[in-house]
Amino acid sequence: MKKLILNIFFFFRFLITLAYELLLTMNYLRFINCLSQGRKRSPIRLMTEILYRSPPTMISMASGMPNASQFPFQEATFKLKDGTSVDINGSDMKQALQYNPTPGVPALHAWLKDLTQRLHDPPNMSLSEGDQKTELLVTTGSQQGLCMIFEMLLHQGDKILVSSPIYSGTRSILDPYQPEYLLVESDKDGMKPESLQKNLSRWSKEDVTDDKSDIPKALYTVPNGDNPSGVSLTEDRRREIYRICQDYNLLIIEDDPYYFLQFNKPRLPSFLSIDVDGRVIRLDSFSKVLSAGIRLGFVSGPKALIYRVQLHMEASLLHTSAVSQMIILKLLEKWGVDGFLAHTEKVAEFYNQRRDAMLRAADKWLTGLAEWNVPMGGMFLWMRLPGIEDTRDLIMRRALEREVLFVPGDVFDLVDGPSQYMRACYSMTTDLEMDEGMHRLADLIREEQG
């Protein structure tokens with residue numbers, strides 16, 4: 001009898017442990033639409049990956065690669081501003097000109113995983129295997145990564161949680177899906193957790209397991225130096241938002257192109273760094289710190305979803321330009337992680353000084369005419385003009401006539417109608433240009449107000 005009781009005890013303990021593990025395991029099918037589920041692995045892309053992992057003795061007649069000996073380029077040298085140079089020798093150039101694995105040039109892919117580990121230390125990166133293990137995919141800028149994520153995620157008419165204003169490029173991706181935008185209110189500290197909770201309160205937590213429920217699947221956020229608002233989420237809000245997303249089983253799309261342009265130190269923790277569940281898919285970009293034209297970014301997140309995004313790339317671009325990847329790789333190998341991070345600190349300080357110059361110009365000319373919050377990162381000052389009902393005509397006609405250019409706020413609104421807001425970018429203009437531009441804007445506002 002005692003043995004029977006012990007066996008029953010261990011059996012129920014096993015069931016409880018199994019149930020707990022199932023609760024901790026993400027059901028990623030919730031975030032993969034019918035189109036993405038229909039994507040299959042390209043056998044030719046797989047052959048390319050096998051070839052790059054194979055020893056030099058491998059005889060391959062499988063991949064369909066062109067013969068690199070017939071390409072006209074042989075090597076390249078890029079002179080850096082510090083007087084040193086980055087060299088792409090004949091062997092590296094041969095690889096750069098050839099088809100490469102979809103996840104990225106292998107050496108760059110490994111370097112970026114090490115960088116992600118150092119900067120974010122994702123809880124699931126240390127997993128040996130499984131759907132929740134943090135993986136990475138090199139993309140043609142973060143914009144392409146974002147486009148593929150939504151292509152994987154959304155059905156027509158799906159609900160998605162976003163804040164307004166929103167970057168117009170993101171809306172260009174989303175609008176064709178005709179989604180129902182659920183607007184999460186924001187202030188100077190970013191997205192408000194209580195507004196997120198209010199949006200979700202119409203559903204029960206049990207709805208996440210109901211295939212017929214119309215509960216949203218994802219939250220989209222730009223946590224640092226948001227474009228256009230310039231706001232950054234506080235650490236407390238990030239943690240509270242993550243907790244709410246756990247309650248409602250939401251995927252967090254962390255679009256963070258301004259991560260390295262944070263003005264306060266230490267940098268705020270990313271959503272990826274606190275992602276114990278594998279519910280964050282993160283986008284990074286080199287466009288603001290190395291080159292916008294090289295078009296290089298990367299997506300990191302749970303293996304199950306990164307794999308699906310990879311399938312979308314296999315079916316379209318095959319892989320990000322290997323020439324771009326090789327240029328960045330050789331630079332990063334030359335600098336090392338510490339050298340790269342030292343460079344990003346200099347870039348952040350440059351934009352911090354640009355921001356301060358714009359704030360001085362705004363204080364000088366626009367006090368009493370406009371309202372703004374101090375950006376904690378990024379490249380933008382978001383201003384409200386209380387005396388102007390709609391900034392579109394002021395910006396797009398009258399300001400152009402005075403040879404000063406801004407962006408009217410309605411470009412970033414999810415609700416059609418007039419906007420009292422406008423965006424000013426401080427990345428390119430000198431102190432004198434900012435001062436004169438704000439002076440001209442002040443004159444225009446006063447004229448408009450009569």
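Attention in this report is confined to the structure presented alongside it. (Residues numbered from 1 in each chain as written. Predicted model: local features only at pLDDT ≥ 70, side-chain atom pairs only at ≥ 80, totals over all residues. Heavy atoms only, no water.)

## Looking at the packing of aromatic side chains
Step number 1: Under the defined criterion, the tally for this structure stands at 10 aromatic pairs.
Step number 2: Each ring, one from Trp-111 and one from Phe-340, has its centre 6.3 Å from the other, and the planes form 85 degrees; the classification is edge-to-face. Remark: Phe-340 occurs in helix α11 (residues 322-366) and Trp-111 occurs in helix α5 (residues 106-120); sequence separation between them is 229 residues. Across this residue pair, the class does not change: Trp-111 and Phe-340 are buried.
Step number 3: An angle of 85 degrees between the planes, with centres 5.3 Å apart, marks the rings of Phe-260 and Phe-340 as edge-to-face. (Phe/Tyr/Trp six-rings, centres within 6.5 Å; stacked < 30°, edge-to-face > 60°. Helix = DSSP H or I, 4+ residues; strand = E, 2+ residues; numbered from the N terminus. Buried < 20%, exposed > 50% of the residue type's maximum accessible area, 1.4 Å probe, protein only.)

## With respect to the pattern of salt bridges
Step number 1: Scanning all chains against the criterion turns up 39 salt bridges.
Step number 2: Across the salt bridge formed by Lys-265 and Glu-345, the nearest N and O atoms sit 3.9 Å from each other. Taken as a pair, Lys-265 in the loop between β9 (251-255) and β10 (280-285) and Glu-345 in helix α11 lie far apart in primary sequence, 80 residues in all.
Step number 3: Residue classification places Glu-345 among the partly exposed residues on the basis of a relative accessible area of 36%.
Step number 4: Taking the shortest distance from any N to any O, the salt bridge between Arg-440 and Glu-436 comes out at 3.0 Å. Pair noted here: Arg-440 and Glu-436 are both in helix α13 (residues 431-449), with a separation of four residues, about one helical turn.
Step number 5: Among the residues examined, Arg-440 registers a relative accessible area of 27% and is labelled partly exposed.
Step number 6: Each of Arg-41, Glu-49, Arg-53 and Glu-314 takes part in salt bridges that share partners, so that together they form one network. (Salt bridge = Lys/Arg side-chain N within 4 Å of Asp/Glu carboxyl O.)

## Here's the deal with the environment of Lys-159
Step number 1: In this structure, Lys-159 sits in strand β4 (residues 159-163).
Step number 2: Separated by 60 residues in the primary sequence, Lys-159 and Leu-219 have C-alpha atoms spaced 9.7 Å apart.
Step number 3: Each residue touching Lys-159, except ones within four places of it in the same chain, is listed here: Glu-180, Leu-182, Arg-202, Trp-203, Asp-214, Pro-216 and Lys-217.
Step number 4: Within polar-contact distance, the side chain of Lys-159 engages the side chain of Glu-180 at 3.3 Å.
Step number 5: Side-chain polar atoms of Lys-159 contact the side chain of Asp-214, separated by 2.9 Å. (Contact = heavy atoms within 4.5 Å. Polar contact = N/O pair within 3.5 Å; in protein donor to acceptor, adjacent residues only side chain to side chain.)

## Focus on the nonpolar core
Step number 1: With 59 residues, the main nonpolar core has Phe-286, Phe-340, Leu-366, Met-438 and Leu-441 as its most contacted residues.
Step number 2: Where this core is concerned, the elements lending two or more residues are α4 (90-96), α5, β3 (134-139), α11, β13 (380-384), α12 (391-401), β15 (421-425) and α13.
Step number 3: Take this core: its biggest share by element is 17 residues, from α11.
Step number 4: Membership of the second largest hydrophobic core comes to 33 residues, among which are Ile-32, Leu-146, Val-309 and Met-313. (Core = buried A, V, L, I, M, F, W, Y, C linked by side-chain atoms within 4.5 Å.)

## Quick look at the pairing of β4
If a strand is regular, its side chains alternate between the two faces of the sheet.
Step number 1: Burial analysis of β4 places five of its five residues in the buried class, the great majority of the element.
Step number 2: In β4, alternate side chains face the same way, and those of Lys-159, Leu-161 and Ser-163 on one face and Ile-160 and Val-162 on the other are all buried.
Step number 3: With five bridges connecting them, β4 and strand β5 (residues 180-184) associate as parallel partners. If you follow Ile-160 over to β5, its bridge partner there is Tyr-181.
Step number 4: The parallel pair β4 and β5, bridged by helix α7 (residues 168-174), forms a crossover whose chirality is right-handed. (Pairing = 2+ DSSP bridges. Right-handed = clockwise from strand over helix to strand, strands pointing away.)

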